[in-house]
Amino acid sequence: METLKFNLSRNDGKFKIMHAVNNGPVYKRYIGGVPKRNNFEEYKALGIPYARNHDAAFYDIYGGEHTVDISAIFPNFDADVNDPASYDFVCTDEYIAVTALAGTETFYRLGQKIEHTVKKFHIHPPKDFEKWAQICEHIIRHYNEGWADGFNYNIKYWEIWNEPDLHWDRDDPMMKPTWSGTKEQFFDLYETCAKHLKKCFPTLKIGGPALAGSEEWAKEFLFEMKKRNAPLDFFSWHIYCDTPERLVAKSEKIKQYMLDAGFDKAESILNEWNYVHDWSDTVTAFRTIINTKGAAFTMACMSAAQHSSTDMLMYYDARPTLWNGLFDSISLKPIIGYYPFKWFSHFYANCEREVLCENNADMLYTLCGVDRNGKAAVIVTYYSDKESLPDKEIKLDLGRSGEFEVYYIDNEHDPEKAYPAEALTFTIKHNTAVMIKEK
């Protein structure tokens with residue numbers, strides 16, 4: 001038996017945002033438009049703090065090709081940048097309004113969705129970087145300052161582009177699905193846009209570049225932006241992996257690169273992550289994402305990242321897609337991967353302080369929080385990418401007795417139902433999780 005000890009008098013800080021996502025709920029507000037198949041209430045119940053709107057243009061209910069991307073909002077690049085008639089905000093307005101209605105703030109990606117097609121249409125360097133920056137400026141003014149019959153959402157995070165480093169070292173620009181230009185061209189675009197937006201909106205968070213994974217590219221970008229005195233309020237990056245340890249190791253590397261470059265005050269935001277064991281076998285990844293192992297992976301990563309240098313996690317993806325482990329692709333109702341987000345949301349919304357586990361156990365990932373009434377809650381996840389490991393016997397030592405209830409993420413219990421906990425000793429199966437709440 002393994003004993004996990006928590007001293008509930010400790011204060012080890014606040015819970016970070018580990019339960020943000022990419023993309024919002026499936027819903028329509030306009031008359032006659034509410035789809036019978038929607039997940040609005042279930043999404044809203046999660047209390048998702050931020051939704052990044054990258055790749056929204058792949059989904060028709062969000063507005064499809066007419067949504068979010070610069071090419072959708074400003075379709076004629078030769079048009080007058082100062083004329084509201086040059087912009088088409090309608091579908092993006094609806095999408096952001098629905099997301100806001102669910103209580104979630106938009107994390108706005110300025111740029112383009114990934115293009116997997118043989119012909120690339122919109123991931124090329126803009127022909128005028130300064131004008132592109134001015135287009136971004138007017139998008140911000142529309143959503144934050146009411147320009148062009150706009151809104152006052154006070155959207156805080158504005159991310160410049162997505163994965164410009166993906167296959168950056170390949171010679172054929174058609175093999176680059178996110179940025180067909182050179183590394184140097186992207187550096188120039190980022191510098192131009194970030195300086196312009198920061199001058200216009202000094203209190204907003206301007207950053208990027210949603211790094212796909214190249215550490216060499218990341219280091220050069222960070223040092224070059226510091227050299228050019230380009231604003232970087234956050235550095236965003238991605239990882240798809242099969243263990244929390246790989247996620248945390250990448251997190252610490254990224255943070256060190258940021259510190260080495262002098263961006264010690266910038267946030268480190270992991271805004272795409274999910275389970276992938278082998279990119280040559282995404283079928284296995286997609287099957288895992290929607291099963292109990294995938295849910296345990298998600299819960300373990302949230303728990304591990306809470307104790308890393310990463311400031312925010314944004315899961316990819318809440319959009320109906322093969323990457324969505326929260327909702328059934330047909331009914332849009334919650335599946336097992338919904339519950340890590342529900343559990344973490346309880347900690348983030350209700351717990352005033354975290355309490356760290358005083359001892360480590362192999363393949364066990366823990367969270368413990370204490371709410372404003374002094375009541376404790378603990379999550380224990382038993383995860384490994386290995387197959388068929390034996391059960392673990394665990395005992396929680398909270399330093400006091402009390403009345404508790406337990407929730408399970410496994411194949412045997414209803415995750416919505418609270419079960420009585422007669423003692424703080426549990427048998428936990430491989431790739432499952434339990435949440436114990438003090439009554």
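Refer to the structure printed above.
The rules we used
- Residues numbered from 1 in each chain as written.
- Predicted model: local features only at pLDDT ≥ 70, side-chain atom pairs only at ≥ 80, totals over all residues.
- Heavy atoms only, no water.
- Axes fitted to C-alpha atoms, helices over the stretch in contact; angles between N-to-C directions.
- Helix = DSSP H or I, 4+ residues; strand = E, 2+ residues; numbered from the N terminus.
- Parallel < 35°, antiparallel > 145°, perpendicular 65-115°, else oblique.
- Left-handed = near helix turned anticlockwise from the far one by under 90°.
- Contact = heavy atoms within 4.5 Å.
- Pairing = 2+ DSSP bridges.
- Phe/Tyr/Trp six-rings, centres within 6.5 Å; stacked < 30°, edge-to-face > 60°.
- Buried < 20%, exposed > 50% of the residue type's maximum accessible area, 1.4 Å probe, protein only.
- Core = buried A, V, L, I, M, F, W, Y, C linked by side-chain atoms within 4.5 Å.
- Arc of directions from axis to C-beta.

Participant: Please explain the packing of helix α4 (residues 129-145) against helix α5 (residues 183-200) as it appears in this structure.
Facilitator: In helix packing, the relevant descriptors are the interaxial angle and the interaxial distance, both defined with respect to the helix axes. Running from N to C, α4 and α5 point in directions that differ by 40°, and their axes come no closer than 9 Å. Comparing the axis directions of α4 and α5 gives the class oblique. Here the hand of the crossing between α4 and α5 comes out right-handed. Facing α4, whose interface residues are Phe129, Glu130, Trp132, Ala133, Gln134, Cys136, Glu137, Ile140 and Arg141, α5 presents Gln185, Asp188, Leu189, Thr192, Cys193, His196, Leu197 and Cys200.

Participant: Can you help me understand the sheet that holds strand β13 (residues 392-397) in this one?
Facilitator: Two modes of strand pairing occur in sheets, parallel and antiparallel, and in both the strands are linked by backbone hydrogen bonds. Reading across the sheet, the three strands line up as β1-β13-β16 and stay open at both edges, with mixed pairing between neighbours. Looking at strand neighbours, the two that pair on one side only are β1 (2-5) and β16 (425-428), the edges of this open sheet. Across this sheet, the average inter-strand angle for adjacent strands is 30°, counted without regard to direction. The sheet contact formed by β1 and β13 spans four bridges and is parallel. Looking across to β13, one finds that Leu4 is bridged to Leu396.

Participant: What am I meant to see in the packing of aromatic side chains here?
Facilitator: The description of an aromatic ring pair rests on the distance of the ring centres and on the angle between the ring planes. For the structure on display, the rule yields 43 aromatic pairs. Summarising the aromatic geometry, the rings of Phe107 and Tyr157 are spaced 5.1 Å apart at their centres and angled 20° between planes, so their arrangement reads as stacked. With Phe107 in strand β4 (residues 105-110) and Tyr157 in strand β5 (residues 157-160), this residue pair connects regions lying 50 residues apart in the sequence. Across the pair, exposure class does not vary: Phe107 and Tyr157 are buried alike.

Participant: I tried to follow the sheet that holds strand β15 (residues 419-421) on my own but got confused; where do I start?
Facilitator: Reading across the sheet, the six strands line up as β10-β11-β12-β17-β14-β15 and stay open at both edges, with antiparallel pairing between neighbours. Only two strands of the sheet have a single neighbouring strand rather than two, namely β10 (351-354) and β15. Neighbour to neighbour, the strand axes of the sheet diverge by 30° on average, direction disregarded. Against the sheet, helix α9 (residues 292-306) touches β10, β11 (364-371), β12 (376-382), β14 (404-409) and β17 (432-438), its axis set at about 60° to β11.

Participant: How should I be thinking about the nonpolar core in this particular structure?
Facilitator: Nonpolar side chains in soluble globular proteins tend to end up buried together. Counting residues in each nonpolar core, the largest one holds 111 residues, and the members touching the most others are Tyr108, Trp132, Ile139, Trp158, Phe221 and Phe235. A per-element tally of this core places α9 first, with nine residues. Residues within four places of Trp132 in sequence aside, it is in contact with Ile70, Phe77, Leu110, Gly111, Pro126, Ile160, Trp161, Leu189 and Cys193. The next biggest cluster of nonpolar side chains, apart from the first, holds 27 residues, and it includes Phe6, Cys368, Val370 and Tyr408.

Participant: Where do I start with the environment of Thr292 in this structure?
Facilitator: Structurally, the position occupied by Thr292 is in helix α9. Not counting residues up to four positions away in its chain, the partners in contact with Thr292 are Ile336, Ile409, Asp410, Asn411, Asn431 and Thr432.

Participant: Explain helix α8 (residues 282-289) to me, please; I cannot follow it from the model alone.
Facilitator: Residue pairs spaced three or four apart in an α-helix point in one direction, given the helix's 3.6 residues per turn. Buried within α8 are the following residues: Ala285, Phe286, Thr288 and Ile289. Along the long axis of α8, the arc covered by the buried residues comes to 165°, so they all point the same way. Elements in contact with the buried residues of α8: β8 (267-275), α9 and β9 (312-315).

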